[in-house]
Amino acid sequence: VEVDGIAHRTIWLTEDPGTVSIIDQRWLPHRFEIVPLRELDDGVRAIRDMLVRGAPLIGATAAWSLYLAAHRRVAAGQPIGQADLEEWADALLAARPTAINLAWAVHRCRRAVTRTGGPLADTPAETTLGRLRREAEAICNEDVDTNRAIGEHGLVLLRDAHARAPERPVNVLTHCNAGWLATVDWGTATAPIYLAHRAGIPVHVWVDETRPRNQGAQLTAWELGQAGVRHTVVVDNAGGHLMQRGQVDLCLVGTDRVTRRGDVCNKIGTYLKALAAYDNGVPFYVALPSSTIDWKSDDGIREIPIEERSPEEVSHVQGIVGGAVCAAGITPPASPCHNPAFDVTPARLVTGLITERGVVAADTHALAERFDRVAAADGPSP
Ligand code: MRU
């Protein structure tokens, strides 16, 4: 994606092989700041403190963090053993609990360096480093291709919606940020929107602000604006009203984890949008790469760990005043606040899952069949 005319991904290895660059998303849309990651702890902090966020990008950052940890060892002439790898993996897995892509990426990297079967300590550290680099690169490149494929499949839905009402733009409602900032490029929920826009289909996006951190108001709105896509930011509670008035053709959101039966975990507030969509007969679609499917989980409400973040994200809002980004308190200081970061939308409220292999019903058999899995098969689960 281009930012002010310059092509960017959200994470990349720099010319210095000991440095990975990311966009510090905490300051968008006010400041576009690129920051370096040089060691494992930088990556853990970037994920935990949400310099990077969004399920696929969290996974990509974890992969590059393992590479950076190995790079440090090699630079210091030290070996890399199995215990090191496990310690690094544990630190990353503890950074954020809900997005399954984190465990998926760590699991993939672990497999890439232990594939040969022998103890890791018998493998030269340079070889392990090379394998981790290739795996991180592959995860990033595949993410771009996957999202593009999601875009092509989702485009069909937008084309159909346009054909039904060609006299006006297709109105899409989205929640949080499942855009290119949440992935390596393209985004999941935004990929069909970008392709529709390029194809000349008029699209207008209702952007939920997405309290408490306002990923919609701050990130999705900025992204869509950079791409020239028409959009309007609304408060989180406006969606039901817009749907009642026929102003939403379809909802299109991302997800942090989908269970094998199709329950969808996404940013807090997604469930309420799905309920409103169901009540108003508005299709509710979820875009995801298959790396977001947790094949070991079935009942999302009971089984998916929901991250609880700091109450300060509720008691304060971040904004820009006189050129400086600052936080303003909005609650009585003595009032407790509670901040669950995600919720689960049951599969019965989901019209379809837009994946790299096409649009699939949110249903155990449809998912297993499309992804050649035996229901309850293997896969990472933190
Ligand atoms: O807390 P965040 O900003 O990491 O939450 C992000 C979301 O909820 C996204 O919708 C999800 O990760 C899908 S990203 C393609």
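First, a word on what this report is: a plain description of the structure on this page. Note that the coordinates shown come from a computational prediction; the quantities given were computed from them, not determined experimentally.

### Some thoughts on the nonpolar core
The nonpolar side chains of soluble globular proteins are, as a tendency, buried together.
Right, so step 1: Ranked by size, the top nonpolar core spans 78 residues in total, and within it Ile-11, Leu-92, Ile-193 and Leu-252 carry the most contacts.
Right, so step 2: If sequence neighbours within four positions are ignored, Ile-193 has contacts with Leu-158, Val-172, Val-203, Val-205, Leu-224, Val-229 and Leu-252.

### What to know about the pairing of strand 17 (residues 352-355)
Right, so step 1: The alternating pattern of strand 17 places Gly-352 and Ile-354 and Leu-353 and Thr-355 on opposite faces, both of which are buried.
Right, so step 2: Alignment of strand 12 (residues 284-287) against strand 17, held across three bridges, turns out to be parallel. Bridge assignment links Ala-287 to a residue of strand 17, and that residue is Ile-354.
Right, so step 3: Where strand 17 hands over to strand 18 (residues 358-360), the hairpin turn is made up of two residues, counted between the paired strands.

### Brief notes about the sheet that holds strand 10 (residues 257-259)
Right, so step 1: Here we have four strands laid out as an open sheet, ordered 13-10-11-16, and mixed in their pairing. The sheet is open, and its two borders are formed by strand 13 (293-294) and strand 16 (342-345), each paired with just one other strand.
Right, so step 2: One ladder, built from four bridges, connects strand 11 (residues 264-267) with strand 16; its direction is antiparallel. Looking at strand 16, one finds that Val-264 is bridged to Thr-345.
Right, so step 3: Docked against the sheet, helix 9 (residues 270-280) engages strand 11 and strand 16, running at close to 30 degrees with respect to strand 16.

### So, the sheet that holds strand 9 (residues 250-253)
Right, so step 1: The strand order across the open sheet built from seven strands is 8-7-6-9-12-17-18, with neighbouring strands paired in mixed fashion. Bordering the open sheet on either side are strand 8 (230-234) and strand 18, each of which pairs with just one other strand. If you compare each strand with its neighbour and ignore which way they point, the axes differ by 25 degrees on average.
Right, so step 2: Relative to strand 12, strand 9 runs parallel, the two sharing three bridges. For Cys-251, the partnering residue across the bridge sits in strand 12 and is Phe-284.
Right, so step 3: Together, strand 6 (170-174), strand 9, strand 12, strand 17 and strand 18 form the strand contacts of helix 5 (residues 125-164), whose direction differs from that of strand 17 by roughly 130 degrees.
Right, so step 4: Where helix 9 meets the sheet, its contacts fall on strand 6, strand 7 (203-208), strand 9 and strand 12, and the angle it forms with strand 12 comes to roughly 145 degrees.

### Describing the packing of helix 2 (residues 55-75) against helix 3 (residues 82-93)
Right, so step 1: Running from amino to carboxyl end, helix 2 crosses helix 3 at an angle of 140 degrees, the nearest separation of the two axes being 10 Å. One way to sum up the angle between helix 2 and helix 3 is to call them oblique. Remark: the crossing between helix 2 and helix 3 carries right-handed chirality. For the pair helix 2 and helix 3, contact is made by Ala-62, Ser-65, Leu-66, Ala-69, Ala-70 and Arg-73 and by Asp-84, Trp-88, Ala-89 and Leu-92, respectively.
Right, so step 2: Considering only residue class, the contact of helix 2 with helix 3 consists of seven nonpolar, one polar and two charged.

### Some words on helix 5
Right, so step 1: When the terminal C-alpha atoms of helix 5 are compared, their 59 Å separation across 40 residues agrees well with the 58 Å that a helix rising 1.5 Å per residue should span.
Right, so step 2: The largest bend along helix 5 reaches roughly 25 degrees and is located at Gly-154.

### Observations regarding the site of the ligand
Right, so step 1: In the neighbourhood of the ligand, 19 residues make up the surrounding shell, with Ala-55, Arg-96, Gln-215, Asn-266 and Lys-267 lying closest.
Right, so step 2: Here Gly-54 contributes a backbone N or O atom positioned 2.9 Å from an oxygen atom of the ligand.
Right, so step 3: Contacts to the ligand include Asn-266, whose side-chain N or O atom sits 2.7 Å from an oxygen atom.
Right, so step 4: Computed on the free molecule, the ligand has an accessible area of 420 Å², of which 100% lies beneath the protein chains in the complex.
Right, so step 5: Judged by the proximity of its atoms to the pocket grid, the ligand belongs to the largest cavity.

Reading guide: rules and limits
Residues numbered from 1 in each chain as written. Predicted model: local features only at pLDDT ≥ 70, side-chain atom pairs only at ≥ 80, totals over all residues. Heavy atoms only, no water. Core = buried A, V, L, I, M, F, W, Y, C linked by side-chain atoms within 4.5 Å. Buried < 20%, exposed > 50% of the residue type's maximum accessible area, 1.4 Å probe, protein only. Contact = heavy atoms within 4.5 Å. Helix = DSSP H or I, 4+ residues; strand = E, 2+ residues; numbered from the N terminus. Pairing = 2+ DSSP bridges. Axes fitted to C-alpha atoms, helices over the stretch in contact; angles between N-to-C directions. Parallel < 35°, antiparallel > 145°, perpendicular 65-115°, else oblique. Left-handed = near helix turned anticlockwise from the far one by under 90°. Nonpolar A, V, L, I, M, F, W, Y, C, P; charged D, E, K, R; others polar. Expected span 1.5 Å × (residues − 1). Bend = angle between axes of the 7 residues up to and from the residue. Near = heavy atom within 4 Å. Polar contact = N/O pair within 3.5 Å; in protein donor to acceptor, adjacent residues only side chain to side chain. Areas by Shrake-Rupley, 256 points an atom, 1.4 Å probe, with all protein chains shown as cover. 1 Å grid on protein atoms, 1.4 Å probe; cavity = no way out; pocket = protein on both sides within 12 Å on 5 of 7 lines; lining within 4 Å. Sits in = over half its atoms within 2 Å of the grid points.

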